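Here is what each chain is made of, one letter per residue.
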Amino acid sequence: MTGPTSQPFPETFLWGGATAANQIEGAHDADGKGLSIQDVLPQGIVGPRTAHPTPDNLKLEAIDFYHRYAADIALLAEMGFKVFRLSIAWSRIFPNGDDEKPNEAGLAFYDRVLDELERHGIEPLVTISHYETPLALAEKYNGWASRKLIGFYERYVRVLFDRYGHRVRYWLTFNEINSLLHFPIIGGAILTPKEELSRQDQFQAVHHVLVASALATRIAHEQIPDARVGCMVLAIPVYPLTPAPSDVLAALDADHTNLLFGDVHVRGAYPGYAMRYMRENGIELDITDEDREILTNTVDFVSFSYYMSVCETADPDQRHTGDGNIIGGVRNPTLRDTEWGWQIDPVGLRIVLNQFWDRWQKPLFIVENGLGAKDELVHVDGRPTVDDDYRIAYLNDHLLQVAEAIADGVDVLGYTPWGCIDLVSASTAQMSKRYGFVYVDRDDDGTGTLARYRKKSFHWYADVIRSNGASLRRGDGRP
Ligand code: BGP
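Residues numbered from 1 in each chain as written. Predicted model: local features only at pLDDT ≥ 70, side-chain atom pairs only at ≥ 80, totals over all residues. Heavy atoms only, no water.

Notes on the overall build of the protein
Then comes step 1: Along the protein, the regular secondary structure elements total 14 helices and 18 strands.
Then comes step 2: Relative to the compact-globule value of 23 Å for 479 residues, the protein shows a C-alpha radius of gyration of 21 Å, a close match.
Then comes step 3: Overall size of the protein, expressed as C-alpha extent along the three principal axes, is 65 × 55 × 45 Å.
Then comes step 4: The long-range fraction of contacts in the protein, counting pairs at least 24 apart against all pairs at least 6 apart in sequence, stands at 75%.
Then comes step 5: About 18,000 Å² of surface is accessible on the protein, with carbon and sulfur atoms providing 50% of the total.
Then comes step 6: Side-chain charges in the protein split into 46 positive and 67 negative, and the spacing between the mean points of these groups amounts to 2 Å. (Helix = DSSP H or I, 4+ residues; strand = E, 2+ residues; numbered from the N terminus. Rg over C-alpha atoms; globule rule 2.2 N^0.38 Å. Contact = heavy atoms within 4.5 Å. Areas by Shrake-Rupley, 256 points an atom, 1.4 Å probe, with all protein chains shown as cover. Lys, Arg positive; Asp, Glu negative; His and termini not counted. Charge placed at Lys NZ, Arg CZ, Asp CG, Glu CD.)

Description of helix α14 (residues 456-466)
Then comes step 1: Taken as a whole, α14 has its buried residues at S457, F458, W460, Y461, A462, V464 and I465.
Then comes step 2: Elements in contact with the buried residues of α14: β1 (14-18), α2 (65-78), α13 (389-407), β16 (412-415), β17 (438-440) and β18 (452-454).
Then comes step 3: Two residues or fewer past α14, N468 is found with a positive phi of approximately 50 degrees. (Buried < 20%, exposed > 50% of the residue type's maximum accessible area, 1.4 Å probe, protein only.)

Some thoughts on the site of the ligand
Then comes step 1: Around the ligand sit 15 residues, and of these E176, A426, S427, K433 and Y435 come closest.
Then comes step 2: For the ligand, an oxygen atom lies 2.8 Å from a polar atom in the side chain of Q23.
Then comes step 3: Between the ligand and S427, the relevant distance is 2.4 Å, taken from an oxygen atom to a side-chain nitrogen or oxygen of the residue.
Then comes step 4: Relative to its unbound accessible surface of 370 Å², the ligand loses 99% to contact with the protein.
Then comes step 5: When grouped by side-chain class, the residues that make up the shell around the ligand number 6 nonpolar, 6 polar and 3 charged. (Near = heavy atom within 4 Å. Polar contact = N/O pair within 3.5 Å; in protein donor to acceptor, adjacent residues only side chain to side chain. Nonpolar A, V, L, I, M, F, W, Y, C, P; charged D, E, K, R; others polar.)

Let's talk about the packing of aromatic side chains
Then comes step 1: Inspection of the entire model under this criterion finds 30 aromatic pairs.
Then comes step 2: Between the aromatic rings of W90 and Y156, the centroid separation amounts to 4.9 Å while the plane-to-plane angle is 5 degrees, which identifies the pairing as stacked. Taken together, the residues span a long stretch of sequence, with W90 in helix α3 (residues 90-93) and Y156 in helix α6 (residues 148-164) at a distance of 66 residues. You'll find W90 and Y156 in the same group, each marked buried.
Then comes step 3: Aromatic pair Y170 and F301: ring centres 5.9 Å apart, planes at 75 degrees, arrangement edge-to-face. One end of the pair, Y170, is in strand β4 (residues 170-172); the other, F301, is in strand β7 (residues 301-306), with 131 residues separating them in the sequence.
Then comes step 4: You can call F301 buried: its relative accessible area is 0%.
Then comes step 5: Taken together through their ring pairs, the aromatic side chains of F9, F13, W15, F81, F437, W460 and Y461 make up a single cluster. (Phe/Tyr/Trp six-rings, centres within 6.5 Å; stacked < 30°, edge-to-face > 60°.)

Digging into the sheet that holds strand β13 (residues 364-368)
Hydrogen bonds along the backbone pair up the strands of a sheet, which may run parallel or antiparallel.
Then comes step 1: Taken in spatial order, the 8 strands close into a barrel running β1-β2-β3-β4-β5-β7-β13-β16, and their pairing is parallel. The mean inter-strand angle of the sheet, taken between neighbouring strand axes irrespective of direction, is 30 degrees.
Then comes step 2: Bridge count for β13 against β16 is 3 bridges, and the pairing is parallel. Residue pairing across strands places I366 opposite Y415, the latter belonging to β16.
Then comes step 3: Each of β1, β7, β13 and β16 touches α13; the most contacted strand, β16, lies at about 170 degrees to it. (Pairing = 2+ DSSP bridges. Axes fitted to C-alpha atoms, helices over the stretch in contact; angles between N-to-C directions.)

Here you go:
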């Protein structure tokens, strides 16, 4: 296959960046906000849960976007952002999740944020639920293990669509919806430890989330004439470790556990391989006729995060699992790692774009991608900045692969790299794992002025957007 045309990105391509409320806002109990599961996970996904918020939890203050949103959005606008992905903190709107009435002060905050985006001509891309379920729903109902959550979520989305539907066109129902199978507390607000959670209960929770997602899609289509609703999946291409057919099959099986979520969202029903898996594992889903009907409300586009690929093998002796994006997998000996052990694979992004397009024929939106790295603040011409050539190289190489996929015929709506402004990491709750174009002066011990500084990548990304991708450099990333 030859290279892409010199200008593969369509004029309408949505360049921007992505964030989540719990990782940027702070103000964890301001203006009537309730606690979310994130407020009791001071060490991120892998660490223990605390009974109450503790001062070592960086998310309580995060980067104080709650008070600094106007200046932050101005910086994004300066880079030329066309779209900004943000999530709404469910517990700002419904502090306990099961309240009868929404919290007006919480709603008003997002009015102000949307006003600011509008002022700069930046399109919002809103994640309805991003790993920040109200804590009370976890404690009272064991999160999405309970069917009751569908009703609470429905109430929440109706309020969001009523209030913001006239100004938000792009909606994502659940962040990385497939994570529920891997980390039930984050993906499903389920407090039962994963090792004690039965497969039956886990798949039932998955079913509840899938129904809720389809229900939100139906309501959006009824209430908002030009709404475009997407599912959001954690994309992780799975390669066979060797050409042995047993390894290829093991890779296919592993892939299915993730593809299942897109399959249901796009096709409106469970695929055969999932039915077989459930049958053979004694899982009997409680699916009502109404559920089946709701699931037929399929999405308008598929969005996904992409950080890395993994390998899979049928040989138990070869199963050396690596670190990495919450799913993990068998290490690929041909790839380099980030400082956090995530394997860097730009070509994997082209592969996944093609795979999803071939499979679903729905527009695709890359709503997370990026390099978490330690940055060092330096002074150039008296100004604090970061010389982050490593981040530029990473993003450049991935974007070249997006260009290749577009040349392959894949319909790609846009690209919102993760953590466009430095934020608190989801997996480790660190500040030092930075993704941003904008440096935020805050350290892992919570010290720092919270001042914002433009990194070298800030100017690089502004050029990429201004030239609609023409400024990308061909180099190592060339397939
Ligand atoms: C995804 C999450 C994000 C984000 C990102 C980077 O799984 O959707 O919330 O944090 O990964 O991960 P981390 O912050 O752990 O580096």
